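Residue-level structural notes
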Amino acid sequence: LKNEGLLNESLEVLLRINCEGEEFEIIKELIKNKIKINTILGSLHDVKKIHGDEVYNNLLETLNKNDINYIHFKASDPSTWSKGINTLHKYLGNVE
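Notes on the structure follow.

Regarding the overall build of the protein chain
- In terms of regular secondary structure, the protein chain is built from four helices and three strands.
- Counted from the first residue to the last, the protein chain has its helices and strands arranged as β-α-β-α-α-β-α.
- Over its C-alpha trace the protein chain gives a radius of gyration of 14 Å, about what one expects of a compact globule, namely 12 Å for 96 residues.
- Expressed as a percentage of its 96 residues, the buried residues of the protein chain come to 30%.
- Intrachain contacts of the protein chain at a sequence separation of at least 6 include 67% that bridge at least 24 residues.
- Per element, the accessible surface of the protein chain, about 6600 Å² overall, is 51% carbon and sulfur.
- Here the protein chain carries 12 positive and 15 negative side-chain charges, and the mean point of each set is 3 Å from the other.

Remarks on helix H3 (residues 53-65)
- Spanning 13 residues, H3 covers 18 Å between terminal C-alpha atoms, matching the ideal 18 Å at 1.5 Å per step.
- Of all the residues in H3, the buried ones are Tyr-56, Leu-59, Thr-62 and Leu-63. Viewed end-on, H3 has its buried residues packed into an arc of 120°, placing them on one side of the element. Opposite its buried face, H3 presents the exposed residues Glu-54, Glu-61, Asn-64 and Lys-65, each directed more than 90 degrees away.
- Those residues of H3 hidden inside the fold are in contact with helix H1 (23-32), strand E2 (36-42), helix H2 (45-51) and strand E3 (69-72).
- Looking one or two places after H3, you find Asp-67, whose phi comes out positive at around 55°.

Rules of the game
- Residues numbered from 1 in each chain as written.
- Predicted model: local features only at pLDDT ≥ 70, side-chain atom pairs only at ≥ 80, totals over all residues.
- Heavy atoms only, no water.
- Helix = DSSP H or I, 4+ residues; strand = E, 2+ residues; numbered from the N terminus.
- Rg over C-alpha atoms; globule rule 2.2 N^0.38 Å.
- Buried < 20%, exposed > 50% of the residue type's maximum accessible area, 1.4 Å probe, protein only.
- Contact = heavy atoms within 4.5 Å.
- Areas by Shrake-Rupley, 256 points an atom, 1.4 Å probe, with all protein chains shown as cover.
- Lys, Arg positive; Asp, Glu negative; His and termini not counted.
- Charge placed at Lys NZ, Arg CZ, Asp CG, Glu CD.
- Expected span 1.5 Å × (residues − 1).
- Arc of directions from axis to C-beta.

The structure is reproduced here in structure tokens:
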């Protein structure tokens, strides 16, 4: 998307992600390519389940170091919906 001019370093990105444990690799690649992720909306627990505590803790440190907000959201868990919806409203504003 960056090569196509759809993303640039001045945009703040809300990343909705659930990639079965590969989220950290995707996040690192975006950071490496200077894509400013402001907020991640998704579930990162598969990283811990598949890759272990050390990788999961490195992921959380990377988010913190890069000032990336993490909002836990899982479509199959209604208890996460309110915070997820509120986050989307913040980014979308009054889009109709």
